[in-house]
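Structure assessment
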Amino acid sequence: MENRGEGLMLGTGLWQGAAILTLANFLNKVLSFVYRILVIRLIGPESMGLYEMVFPFYTFVLVVATAGLPLALAKIVAERAARGEWGLVRNVFHLSLFFLVFSGLVFTAILYFGAPLLGRLFADERVYPVFMVMMLALPLVCTCSAFRGYFQGLKLMGPLALAQVIEQVTRVSSGLGLALHLLPRGIEWGAAGLAWGMVLGEAVGLIISLLIFRQASPYYLAGEGQPIVLKDFLTLARLAVPATLARAATGLTLTLEAILIPHRLQLWGASLREATALYGQYSGIALTLVYLPMTITVAIAMAMVPGMAEAQALENYSLLQRRSFQALKVTVLSGLPFAMFFLFLATEISDIIFKAPEAGAPLKILAWGCLFLYLQQTTSGILQGLGAMKINLYTTLVDGAADLVVIYFLTPLWGIKGAAWGINLGAFLSTSLNLLAICRLIHLRFNFLDLFGRPCLAALVMGVSIKLLQRSAWSIGWRELVGLLLIASITYIVALLLTRTISLRSLALWKRI
């Protein structure tokens, strides 16, 4: 019997939840952005490079340790909650929590005893202190991920967003303080300080998650308790295994990039230190800027998992189509202006913000493919909400293979620009395949002109305005850059209205949200 949960309402609506997560992601990105600026200026790109070399490997291990369960948990919780099956919601949460706590402890032990051997995989042996500190975060993150998957499935986006912001504040403040404190002992210890900040942030995030879980106890206590059966495990495994492989493939790709790019840059002619610094500029500056608009797409992807799962559980295909198209359109409209900024102002942005104009070279290349990176995030969220984890796995493998092949062959010829083109090609192929799969699964049909044509025309008008403003300015500093970005953004919105890509009514709707 599930009647004890009949009066419960799920959390925020789809777009309200996406808006809340976008705001939280924006605050986190701003904090992270300022953090990286201060780290690069106060500690140096070399320390950032050491940290960035280890972080992809840590991400890969984390993906394997969590085994895709948070994502599978979110989808199953959303489906069962939509049908009022609260006892089954509790079952799947118990099973996920037990597995994730156990997995986090096991993988931490493996990394501890295997650290001397694993440290040899990296091009720079100074990563060892960073590696040893980062592994301490694993059990914390694994445990916390069970609660976050549960909250996501219930669409409790407000508390989830608050926890993310508090965690980031802790990570940034403690990481910078510890890095400055340890820096006199050496570059590698400064990087280890950054890693300690991450560990403390995760610890605070876990504490906040436990407090949220206590406040959300009516959801947990709803419904009659039922024994955990084999079917619960198989349901989780069916979704979690391909999700794990997809995330593991992404993590492995990032790890191989971190190892491969410095080595291939040395074949291009850079020394070890120069290659480390170039990789720090590419990963710590150019990619950081390109990932900034993902405050929106990450929020959309997170909201789409329970949103699509809910509509699918209710067999409402018109709602599936409408939500998918809305998500794609918001992604395109929000991503294009950033592509224009990075294309025409790459050097100026890198110089003014990071005092590293050299990072403008890879940033300008990435600008050509960043829209596909944003759409890749959104389309993956849609597929995950539909339970199409295998399709997402296949497209992820295509992305990683294309990325690594291009990096291997073009980086020795074009330097760090070759690595940037690898990212672009992989994102384009993956996004194209994702879109085709979505259209097939939910019979989605859309007007290409409405989704891409008119927004691209508005972005072109915006790009022209940027070039004209650049020519009229003798030099570009902070004030000029902010003014230029503001005027270009207004031009873009006006162009969207004139091309009837958006209407005043839609703007009023988003204001209410």
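Coordinates for the structure precede this section.
Residues numbered from 1 in each chain as written. Predicted model: local features only at pLDDT ≥ 70, side-chain atom pairs only at ≥ 80, totals over all residues. Heavy atoms only, no water.

**Some remarks on the nonpolar core**
Core analysis: the biggest nonpolar cluster contains 122 residues, and Tyr282, Phe342 and Phe354 have the highest contact counts within it. When residues in this core are grouped by element, the largest group, 12 residues, is from helix 13 (residues 317-344). If sequence neighbours within four positions are ignored, Phe342 has contacts with Leu289, Val290, Ile349, Leu363, Lys364, Ala367, Cys370 and Tyr374. Core analysis: the second largest hydrophobic core is formed by 40 residues, Ala81, Phe151, Leu156 and Leu236 among them. (Core = buried A, V, L, I, M, F, W, Y, C linked by side-chain atoms within 4.5 Å. Buried < 20%, exposed > 50% of the residue type's maximum accessible area, 1.4 Å probe, protein only. Helix = DSSP H or I, 4+ residues; strand = E, 2+ residues; numbered from the N terminus. Contact = heavy atoms within 4.5 Å.)

**Notes on the pattern of salt bridges**
Taken as a whole and judged by the stated rule, the model has 5 salt bridges. The shortest N-O distance in the salt bridge between Glu167 and Arg148 comes to 2.3 Å. In this pair, Glu167 sits in helix 7 (residues 157-182) while Arg148 sits in helix 6 (residues 138-153), placing the two residues 19 residues apart along the sequence. Like Glu167, the residue Arg148 is buried in the burial classification. The shortest N-O distance in the salt bridge between Glu310 and Arg323 comes to 3.5 Å. One end of the pair, Glu310, is in helix 12 (residues 294-313); the other, Arg323, is in helix 13, with 13 residues separating them in the sequence. By relative accessible area, Glu310 is classed as buried at 16%. Connected via shared salt-bridge partners are Lys155, Glu310 and Arg323. (Salt bridge = Lys/Arg side-chain N within 4 Å of Asp/Glu carboxyl O.)

**So, the environment of Ala67**
Here Ala67 is to be found in the loop between helix 2 (45-66) and helix 3 (69-82). By relative accessible area, which is 14% here, Ala67 ends up buried. Other than its neighbours up to four places away in sequence, Ala67 contacts Phe99, Ala240 and Thr244.

**Regarding the side chain of Ser145**
Following the sequence through the fold, Ser145 ends up in helix 6. The buried category is assigned to Ser145, whose relative accessible area is 11%. The contact partners of Ser145, leaving out residues within four places of it in the chain, are Thr66, Pro70 and Leu100.

**Let's talk about a nonpolar patch on the surface**
A surface patch of nonpolar side chains, about 660 Å² in accessible area, is lined by Leu23, Phe26, Leu27, Val30, Val34, Leu38, Leu42 and Leu180. Take the nonpolar patch: its biggest share by element is 7 residues, from helix 1 (residues 14-42). Tracing the chain through its elements places Phe26 in helix 1. Exposure remark for Phe26: the relative accessible area of 46% places this residue in the partly exposed category. (Patch = residues over 30% accessible without salt bridge, like charges linked within 9 Å, V, L, I, M, F, W, Y side chains within 5 Å. Areas by Shrake-Rupley, 256 points an atom, 1.4 Å probe, with all protein chains shown as cover.)

**Some points on the packing of aromatic side chains**
Evaluation of the coordinates by the stated rule reveals 16 aromatic pairs. Here the aromatic rings of Tyr112 and Phe113 are separated by 5.2 Å at their centres, their planes lie at 85°, and the arrangement is edge-to-face. Here a set of aromatic residues connected by ring pairs shows up, and it is made of Phe93, Phe147, Tyr150, Phe151 and Phe213. Its guanidinium or amino end placed over the ring of Trp189, Arg185 lies 4.4 Å from that ring's centre, counting from NZ or CZ. Sitting over the face of the ring of Tyr408, Arg264 holds its NZ or CZ atom 3.8 Å from the ring centroid. (Phe/Tyr/Trp six-rings, centres within 6.5 Å; stacked < 30°, edge-to-face > 60°. Lys NZ or Arg CZ within 6 Å of the ring centre and 35° of its normal.)

**A word on the environment of Gln152**
You can see Gln152 is positioned in helix 6. For Gln152, a relative accessible area of 10% translates into the label buried. Through-space distance from the C-alpha of Gln152 to that of Met302 is 7.5 Å; in sequence the pair is 150 residues apart. Polar side-chain contacts of Gln152 include one of 2.9 Å to the backbone oxygen of Met302. (Polar contact = N/O pair within 3.5 Å; in protein donor to acceptor, adjacent residues only side chain to side chain.)

**Looking at the side chain of Ser334**
Checked against the element boundaries, Ser334 lands in helix 13. Looking at Ser334, the relative accessible area reads 15%, which means it is buried.

**Comments concerning the packing of helix 19 (residues 448-472) against helix 20 (residues 478-498)**
The axes of two packed helices give the description: the angle between them and the distance between them. Packing of helix 19 against helix 20 leaves a shortest axis separation of 8 Å and a crossing angle of 150°. The angle between helix 19 and helix 20 falls in the class roughly antiparallel. Read as a crossing pair, helix 19 and helix 20 show a hand that is right-handed. Along its contact with helix 19, which presents Pro455, Ala458, Ala459, Val461, Met462, Ser465, Ile466, Leu469 and Gln470, the element helix 20 presents Leu484, Ile487, Ala488, Ser489, Thr491, Tyr492, Ala495 and Leu496. (Axes fitted to C-alpha atoms, helices over the stretch in contact; angles between N-to-C directions. Parallel < 35°, antiparallel > 145°, perpendicular 65-115°, else oblique. Left-handed = near helix turned anticlockwise from the far one by under 90°.)

**Thoughts on helix 6**
For helix 6, spanning 16 residues, the distance from its first C-alpha to its last is 23 Å, which sits close to the expected 22 Å at 1.5 Å a residue. With 15 of its 16 residues buried, helix 6 lies for the most part within the structure. (Expected span 1.5 Å × (residues − 1).)

**Section: the environment of Ala137**
Structurally, Ala137 is set in the loop between helix 5 (128-134) and helix 6. Using a relative accessible area of 0% as the deciding quantity, one classes Ala137 as buried. For the pair Ala137 and Leu200, spaced 63 residues apart in sequence, the C-alpha separation works out to 8.1 Å. For Ala137, the contacting residues outside a window of four places in its chain are Tyr58, Met198, Val199 and Glu202.

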